[in-house]
Amino acid sequence: MTSVELDMIQSAGVGALALLVGMGLTRKVAFLQKFCVPSPVSGGLIFSLITLILYGWFDIEISFNDTLKSVFMLAFFTSVGFQSDLKVLKQGGKLLVIMLTLLFVIIAMQNLMPMGITRLMGVDPLIGMAAGSISMTGGHGTAGGFASVLEGMGLEGAGTVGMAAATFGLIAGSMLGGPLAERIIRTKLTHEQMQPQDEEIDPAMAGIESDEASPTGRTKRVSTNEQEFQQYAKATYCILLVMGGGTLLSWLLAKTGVTFPTYFGALILAAVVRNTLGFINYKEDGKWEKAEKLLDMERIISVGNICLSMFLGMAMISLKLWELQSLALPLIVILASQVLLMALFAYFVAFPLLGRNYDAAVLCAGMCGFGLGATPNAMANMSAVCYKYRYTVKPFLIVPIIGAMFADLINTGMITLFLNLL
């Protein structure tokens, strides 16, 4: 076996190339557009298949350096922490509280069920954790973030298992949400509830994708190139500053003996900074302003998403698909069970608790999206439903708040609890 090791710069270069290839594929392949498959996932999968062919046919193993991949991951989760504005809880009202409660329950079930399956099949329960909420609600970002933790606990190829499960969940979440909402609307709502409202449907909502905390964040702004540079520079500096402090917080958390992902300290510190600034005022041009205005959230989110794309590209190219061979049957059983669990939970539990109305049906489509895939999947699912029937405001306010602000925080805490119980 010939081993070829790429350094951190070469690895980042191949990751960027995979991202660009994926972007080209997304523009050309309708399937990838329909199911909102991220460009780094589609492009990275091609490169991981190439490394599989090299390994299986030519006895060449390509190894990638993870240094910059870890930096990109840390930057992304820091941007997620910055989006955790607790004041927006008031905007969602009762439905937001119910959705948060349902999120707690589904995350717990996504971990309990696969651990039970692995026990029955006599395989490592860590496989169940890798295919649990880490890769379902968490998606590719959390799967990559916890890969080193799971490998440290003894699961060989944890990154490959997690990424494969996350890719499956991404596609399944997009395929399940729309048809499930359609069935709910057709079988459980009255004809009057299905009728369009008086206002005109906004066709643009059919393709909306957003990771931002509220609809106001989607407002387009016109600025000069120099202003854009300054805004992005400030956003980058904010992320780097909190990343540095977050590593110290992670070091302190590690001293407790409890297992935390490496990004947890930065995520928590960013959330603390964001909400602390909300209570501080400063004077500008003779007027008192909230200090949180100093954070340019749109640019922080953009920088975070750039880092997420690079992280995913590097994570996907480094998949060792040959390690999945021995795990094929348990993984298939667990993933099929996760889809069935989400469908039954949304149909029989979430829909009644959310109000048994049109908003509830649309929210169920979104729940399937971010419960198995990611927030953009949820937005695409709801947009498809609303474009067919009628637009409704609340789901498009609540789901981005859940996906951008709370899903990763709740999921990380729940995963940490389960890992420390093993």
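Residues numbered from 1 in each chain as written. Predicted model: local features only at pLDDT ≥ 70, side-chain atom pairs only at ≥ 80, totals over all residues. Heavy atoms only, no water.

Caption draft 1: Focus on the packing of helix α7 (residues 139-152) against helix α8 (residues 158-188). One way to put it is that α7 packs onto α8 with a least axis distance of 8 Å and a crossing angle of 160°. In terms of orientation, α7 lies roughly antiparallel with respect to α8. Read as a crossing pair, α7 and α8 show a hand that is right-handed. Together, G139, H140, A143, G144, A147, L150 and E151 of α7 and A158, G159, G162, M163, A166, T167 and L170 of α8 make up the contact between the two elements. Class assignment for the residues of the contact of α7 with α8 results in 7 nonpolar, 6 polar and 1 charged. (Axes fitted to C-alpha atoms, helices over the stretch in contact; angles between N-to-C directions. Helix = DSSP H or I, 4+ residues; strand = E, 2+ residues; numbered from the N terminus. Parallel < 35°, antiparallel > 145°, perpendicular 65-115°, else oblique. Left-handed = near helix turned anticlockwise from the far one by under 90°. Contact = heavy atoms within 4.5 Å. Nonpolar A, V, L, I, M, F, W, Y, C, P; charged D, E, K, R; others polar.)

Caption draft 2: Structural view of the pairing of strand β4 (residues 287-290). Inspection of the sheet shows strand β3 (residues 281-284) paired to β4 by 4 bridges, in the antiparallel sense. When the sheet's bridge partners are listed, Y282 is paired in β4 with E289. In sequence, β3 turns back onto β4 through a hairpin of 2 residues, with D285 there showing a positive phi of about 55°. (Pairing = 2+ DSSP bridges.)

Caption draft 3: Looking closely at the confidence of the model for the protein chain. Of all residues in the protein chain, 88% attain a pLDDT of 70 or more, and the chain-wide mean is 83. Across residues 196-222, confidence stays below pLDDT 50; counting only partners more than four residues off in sequence or on other chains, it has 55 contacts. (pLDDT = per-residue confidence, 0-100.)

Caption draft 4: View of the packing of helix α4 (residues 67-82) against helix α10 (residues 225-254). At a minimum axis distance of 9 Å, the contact between α4 and α10 shows a crossing angle of 100°. As summarised for this structure, α4 and α10 are arranged roughly perpendicular, according to the angle between their axes. Contacts between α4 and α10 involve V71, L74, A75, T78, S79 and F82 on the former and, on the latter, C238, I239, V242, M243 and T247. Here the contact of α4 with α10 is built from residues that sort into 8 nonpolar, 3 polar and no charged.

Caption draft 5: Structural context of the nonpolar core. In terms of nonpolar packing, the biggest core is built from 112 residues, with F82, M99, L150 and L354 touching the most fellow members. When residues in this core are grouped by element, the largest group, 13 residues, is from helix α16 (residues 393-421). Sequence-distant contacts of F82, defined by excluding residues within four places in its chain, comprise C238, I239, V242, A270, A271, V273, R274, L295, M297 and I300. A18, F47, I62 and I317 belong to the second largest nonpolar core, which has 6 residues in total. (Core = buried A, V, L, I, M, F, W, Y, C linked by side-chain atoms within 4.5 Å. Buried < 20%, exposed > 50% of the residue type's maximum accessible area, 1.4 Å probe, protein only.)

Caption draft 6: Local environment of the pattern of salt bridges. Counting across every chain of the model gives 7 salt bridges. Between D66 and K69 there is a salt bridge; the shortest N-O distance is 3.5 Å. Given the relative accessible area of 38%, D66 is considered partly exposed. Ionic pairing is found between E228 and R299, a salt bridge with its closest N-O pair at 2.8 Å. Here the residue E228 occupies a position in helix α10, and R299 occupies one in helix α12 (residues 297-317), the gap between them amounting to 71 residues. Judged by its relative accessible area of 21%, E228 falls in the partly exposed class. Classification of R299 as buried rests on a relative accessible area of 6%. (Salt bridge = Lys/Arg side-chain N within 4 Å of Asp/Glu carboxyl O.)

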